[in-house]
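Architecture at a glance
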Amino acid sequence: MAEDSKRRVFVSRRIPENGLERLRTLCDVDIWEGDLPPDRETLCTRAAGCHGVLSMLSDAIDPDFMDRVGPQLQVVSNYAVGFNNIDVEEATRRGIRVGNTPGVLTDATADIAFALLINCARRISESERSVHDGKWKTWEPLGFIGLDLVGKTIGIVGLGRIGQAMARRCHGGWGMDVLYTSRSSKPEAEGEFDADYVSMDELLTRSDFISVHCDLNNSTSGLFDASAFQKMKSTAVFINTARGSIHNQNDLAAALTNGEIAAAGLDVTDPEPIPADDPLLDLQNCVVIPHIGSATVDTRAAMADIAAENVLRALADEPMPHCVNPPS
Ligand code: NAP
């Protein structure tokens, strides 16, 4: 491609260099270098006139954004597997391809879900805080008593790629019984984990640990509200590494405060970042980490490769490695 015919691509945050290098070979690349995401105005202005946008999950890719970027926009490649920040229907209507990065972040995210599960069950963050606060005076026969994991029941909400990786850890490593809900049953996974496909109510009442791995959509927004937490065991642990809007944060804080559930571990909150005065941050039985599910060297590099390749293929009018709205 001649220099003056290079397609313009806007990248809304700095991503690993391997992805940027790949893009630069064929495109004129503009990168937002800020430590924080560009504000709305800057996002729209910098992306205006571009043929491709490599976006983050914090960017709202809506009709107004598409209008302001212009009709030459061919592809929005999200640096994430989730794409709830993008109006895919509208993009499809305009012939804009939407890409994501599934698969390569499955194990890293399941590892974080399992780390949160052990952390909550064994009160690791809470006990570590007490050490830092100078409160460790002696070995305590009744101090920081937690929950066992072996042989317990894990309830997986959304037995997709990450849900299955979590089930594999829980069943294979800790011999847990696996219950799951999904929009459809997964007979192959049932064989691998000896998993039972159950109703949401059954999963809520029978599980010792519940881990959320569904995507955010109309059927999962607000799925974990006061009534869901009330149905759970008072000893249950709630883990969410999917999207913050799947739980109602006020209802979760109330459930943790009132002892309706034992603990919660969150990699995702609503909103993100969680406000410093959110009641969850005052609770000893709630662990909150800043959306680091995919944050490993290899995973982020693999995501950068796919996100760049999605852009290049779409601009060349070739099939993308991962397109959520392929042309019919
Ligand atoms: P996936 O393979 O598409 O799995 C999503 C699963 O959710 C599917 O199995 C789907 O069921 C299920 N689901 C959808 N609606 C449901 C409902 N109402 N009730 C129960 N299950 C429902 O996606 P994935 O790669 O595992 O990723 C899952 C999500 O994790 C992403 O969408 C993203 O939001 C989140 N994520 C977070 C991080 C992080 O950094 N914390 C990293 C990666 C991903 P069916 O198969 O039956 O349709």
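Residues numbered from 1 in each chain as written. Predicted model: local features only at pLDDT ≥ 70, side-chain atom pairs only at ≥ 80, totals over all residues. Heavy atoms only, no water.

This part is about the UniProt feature "domain: D-isomer specific 2-hydroxyacid dehydrogenase NAD-binding" (unreviewed entry) in the protein. The residues that UniProt annotates with the feature "domain: D-isomer specific 2-hydroxyacid dehydrogenase NAD-binding" (unreviewed entry) are residues 114-293. A helix fraction of 34% and a strand fraction of 15% characterise residues 114-293, whose end C-alpha atoms lie 11 Å from each other. (UniProt positions renumbered as here; feature names shortened; annotations may be inferred. Helix = DSSP H or I, 4+ residues; strand = E, 2+ residues; numbered from the N terminus.)

Turning to the domain arrangement of the protein, a few remarks are in order. Taken domain by domain, the protein consists of domain 1 (3-104 + 297-315) and domain 2 (106-288). Taken over C-alpha atoms, the centre of domain 1 sits 32 Å from the centre of domain 2. Taken together, the contact pairs 8 residues of domain 1 with 5 residues of domain 2. Between domain 1 and domain 2, a total of about 550 Å² is buried, with carbon and sulfur atoms accounting for 47% of that surface. Where domain 1 packs against domain 2, one counts 0 salt bridges. Considering only residue class, the side of domain 1 that touches domain 2 consists of 4 nonpolar, 4 polar and no charged. (Domains from an automatic or database assignment. Contact = heavy atoms within 4.5 Å. Buried area = accessible area lost by both parts, 1.4 Å probe. Salt bridge = Lys/Arg side-chain N within 4 Å of Asp/Glu carboxyl O. Nonpolar A, V, L, I, M, F, W, Y, C, P; charged D, E, K, R; others polar.)

The next thing to look at is the site of the ligand. The ligand sits among 27 residues. The nearest are I162, K186, S219, T241 and D267. In isolation the ligand offers 930 Å² of accessible surface; the protein chains occlude 87% of this area. Its residues placed into classes, the shell around the ligand shows 6 nonpolar, 15 polar and 6 charged. (Near = heavy atom within 4 Å. Areas by Shrake-Rupley, 256 points an atom, 1.4 Å probe, with all protein chains shown as cover.)

What follows covers the sheet that holds strand 4 (residues 75-78). Pairing is parallel across the open sheet formed by 5 strands, whose spatial order is 2-1-3-4-5. Of all the strands in the sheet, just strand 2 (27-31) and strand 5 (97-99) have a single pairing partner and so form its edges. Within the sheet, the average angular offset between the axes of one strand and its neighbour, ignoring direction, is 15 degrees. Direction of pairing for strand 1 (residues 7-11) relative to strand 2: parallel, over a ladder of 5 bridges. Within strand 2, the position partnered with F10 by the bridge is D30. Where helix 1 (residues 17-26) meets the sheet, its contacts fall on strand 1, strand 2 and strand 3 (52-55), and the angle it forms with strand 2 comes to roughly 140 degrees. Of the strands in this sheet, strand 1, strand 2 and strand 3 touch helix 2 (residues 40-47), which is tilted by about 165 degrees from strand 1. (Pairing = 2+ DSSP bridges. Axes fitted to C-alpha atoms, helices over the stretch in contact; angles between N-to-C directions.)

Relative to the assigned elements, I162 resides in helix 7 (residues 161-174). As for I162 and T241, which are separated by 79 residues in sequence, their C-alpha atoms are 9.6 Å apart. Ignoring anything within four residues of it in the chain, the contact list for I162 reads L105, T106, T109, A110 and H213.

On to the pairing of strand 9 (residues 209-212). Burial along strand 9 is two-sided: the face carrying F209 and S211 and the face carrying I210 and V212 are both buried. Pairing of strand 6 (residues 153-157) with strand 9 involves 4 bridges; the strand directions are parallel. Counterpart to V157 in the pairing with strand 9 is V212. Two elements, strand 9 and strand 10 (residues 237-240), share 4 bridges in a ladder whose sense is parallel. Within strand 10, the residue paired with V212 across the bridge is N240. Taking the sense of rotation as the criterion, the β-α-β connection linking strand 9, helix 10 (residues 226-231) and strand 10 turns out right-handed. (Buried < 20%, exposed > 50% of the residue type's maximum accessible area, 1.4 Å probe, protein only. Right-handed = clockwise from strand over helix to strand, strands pointing away.)

This part covers the packing of helix 1 against helix 12 (residues 297-315). Angle between the axes and distance between the axes: these two values describe a pair of packed helices. Running from N to C, helix 1 and helix 12 point in directions that differ by 20 degrees, and their axes come no closer than 7 Å. The angle between the axes of helix 1 and helix 12 places the two elements in the roughly parallel class. Helix 1 and helix 12 meet at a crossing whose hand is right-handed. In contact with N18, G19, R22, L23 and L26 of helix 1, helix 12 contributes A301, A304, D305, A308, E309, V311 and L312. Among the residues forming the contact of helix 1 with helix 12, the class breakdown is 7 nonpolar, 2 polar and 3 charged. (Parallel < 35°, antiparallel > 145°, perpendicular 65-115°, else oblique. Left-handed = near helix turned anticlockwise from the far one by under 90°.)

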